[in-house]
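Inside the fold
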Amino acid sequence: QKEVEQNSGPLSVPEGAIASLNCTYSDRVSQSFFWYRQYSGKSPELIMSIYSNGDKEDGRFTAQLNKASQYVSLLIRDSQPSDSATYLCAVIPIFNAGGTSYGKLTFGQGTILTVHP
Amino acid sequence: NAGVTQTPKFQVLKTGQSMTLQCAQDMNHNSMYWYRQDPGMGLRLIYYSASEGTTDKGEVPNGYNVSRLNKREFSLRLESAAPSQTSVYFCASRQTSDNEQFFGPGTRLTVL
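A brief look at the structure comes next. (Residues numbered from 1 in each chain as written. Chains lettered and ligands numbered in written order. Predicted model: local features only at pLDDT ≥ 70, side-chain atom pairs only at ≥ 80, totals over all residues. Heavy atoms only, no water.)

1. Quick notes on the overall build of chain A
Spelled out, the test is: Helix and strand labels come from DSSP, where a helix needs a run of H or I of at least four residues and a strand needs a run of E of at least two; each type is numbered from the N terminus. The buried label applies to any residue whose accessible area, calculated with a 1.4 Å probe on protein chains only, is under 20% of its type's maximum; exposed applies above 50%, and partly exposed to all values in between. Note on contacts: a residue pair qualifies if any of its non-hydrogen atoms lie within 4.5 Å across the two residues. Accessible surface area values rest on a Shrake-Rupley calculation with a 1.4 Å probe, where residue burial reflects the displayed protein chains alone.
Across its full length, chain A carries zero helices and eleven strands. For chain A, the succession of helices and strands along the chain, N to C, is β-β-β-β-β-β-β-β-β-β-β. Dimensions of chain A, computed from the C-alpha atoms along their principal axes, are close to 45 × 30 × 25 Å. The buried share among the 117 residues of chain A stands at 43%. Counted over contacts in chain A with a minimum sequence separation of 6, partners at least 24 positions apart contribute 55%. Total accessible area on chain A stands at roughly 5400 Å², and carbon and sulfur atoms take up 49% of it.

2. What about the pairing of strand S7 (residues 61-66) of chain A?
All names here are of chain A. Heads up, the condition is: One requirement defines pairing of two strands: DSSP has to find at least two bridges between them.
Summarising the sheet, strand S6 (residues 54-58) and S7 pair through five bridges and their orientation is antiparallel. Paired with Lys56 across the bridge in S7 is Ala63. Here S6 folds back onto S7 in antiparallel fashion, the turn holding two residues, of which Gly59 has a positive phi close to 65°. Inspection of the sheet shows S7 paired to strand S8 (residues 71-76) by six bridges, in the antiparallel sense.

3. Quick look at the nonpolar core
Cut-off, in case you're wondering: Put simply, a nonpolar core is a bunch of buried Ala, Val, Leu, Ile, Met, Phe, Trp, Tyr and Cys residues held in one set by side-chain atoms that sit within 4.5 Å of each other.
Grouped together as the largest cluster of nonpolar side chains are 23 residues, with contacts concentrated most on A:Phe33, A:Trp35, A:Val72, A:Leu74, A:Ile76, A:Tyr87 and A:Leu113. The set of elements that each furnish at least two residues to this core consists of strand S3 (19-25), strand S4 (32-38), strand S5 (45-50), S7, S8, strand S9 (85-92) and strand S11 (111-116) of chain A. When residues no more than four places from it in sequence are discounted, the contact partners of A:Leu74 are A:Ala19, A:Ser20, A:Leu21, A:Trp35, A:Ile47, A:Met48, A:Phe61, A:Thr62, A:Ala63 and A:Tyr87. Ranked by size, the runner-up nonpolar core spans 20 residues in total, among them B:Val4, B:Cys23, B:Tyr64 and B:Val66.

4. Notes on the interface of chain B and chain A
For clarity, the threshold we go by: Here's the idea: put two parts together, see how much 1.4 Å probe accessible area each one loses, and the total over both is what we call buried area. In what follows, salt bridge is the name for a side-chain nitrogen of Lys or Arg lying within 4 Å of a carboxyl oxygen of Asp or Glu. Amino acids are sorted into nonpolar (Ala, Val, Leu, Ile, Met, Phe, Trp, Tyr, Cys and Pro), charged (Asp, Glu, Lys and Arg) and polar (every other residue, Gly among them).
Contact residues are listed per partner, giving 22 residues for chain B and 22 residues for chain A. Of the roughly 1600 Å² buried between chain B and chain A, counting both surfaces, carbon and sulfur atoms make up 57%. Among the residues of chain B in contact with chain A, B:Leu43, B:Asn99 and B:Phe103 are the three that bury the most area, contributing 33% of the side total. One can count zero salt bridges joining chain B with chain A. Broken down by secondary-structure element, the contributors of at least two residues to the side of chain B that touches chain A are strand S4 (31-37), strand S5 (43-49) and strand S9 (87-94) of chain B. Looking at the side of chain B that touches chain A residue by residue, the class counts come to ten nonpolar, eight polar and four charged.

5. Let's talk about the pattern of salt bridges
All names here are of chain B. For the structure on display, the rule yields six salt bridges over all chains. Among the ionic pairs, Arg36 bridges to Asp38, the shortest N-O distance being 3.0 Å. Accessibility expressed as a relative area gives 9% for Arg36, which makes it buried. For Arg77, the salt bridge identified is with Glu79, shortest N-O distance 3.1 Å. Members of the salt-bridge network, linked through shared partners, are Arg36, Asp38 and Arg44.

Laid out in structure tokens, this is it:
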């Protein structure tokens, strides 16, 4: 089993809809979770981080974390064509950035999202 | 601030050739990372440097070496390039007190 798995996609949603991106992870001690957005030919850009169970909202983005189910998701409300990109889920096993993980990220394979007008 | 810069942007090598990918950051970050990205596989960590003077292997270190030249610069060397090393290479940096990694623009490498 891969350490971090994302729904395979590609995902296509109409403009204005809610896009739902899902990620599961295998390491139970994982504490830090991130969503990166990557436009074609560009580098990853951090859009959300979440460390505690529950929801975290930032504008049109909501990250949801359920540690018991080892599941993290990203909801994009009112999807826009400019949201079309690959979304990468990433995990750090230890919360403390000074801990032995040294901030090493483990990434999922990514989900391609297309928002069509 | 330029953030994280990488050179070159593109490179074509023949099998067996060597080259060094350069990375520099101007954010005074302690930790730096090298990833490779292949289609359908996300990003995989090659090597990292938790702080100046230290380096360690990541998930896929074979065929690569690194040098943390100073706090700003972290280079990745391919001693004898192989077609399996055709990939996009990203450098990233992070401040120890934070979890956010900032990525450079990437180097697209093709090995023939």
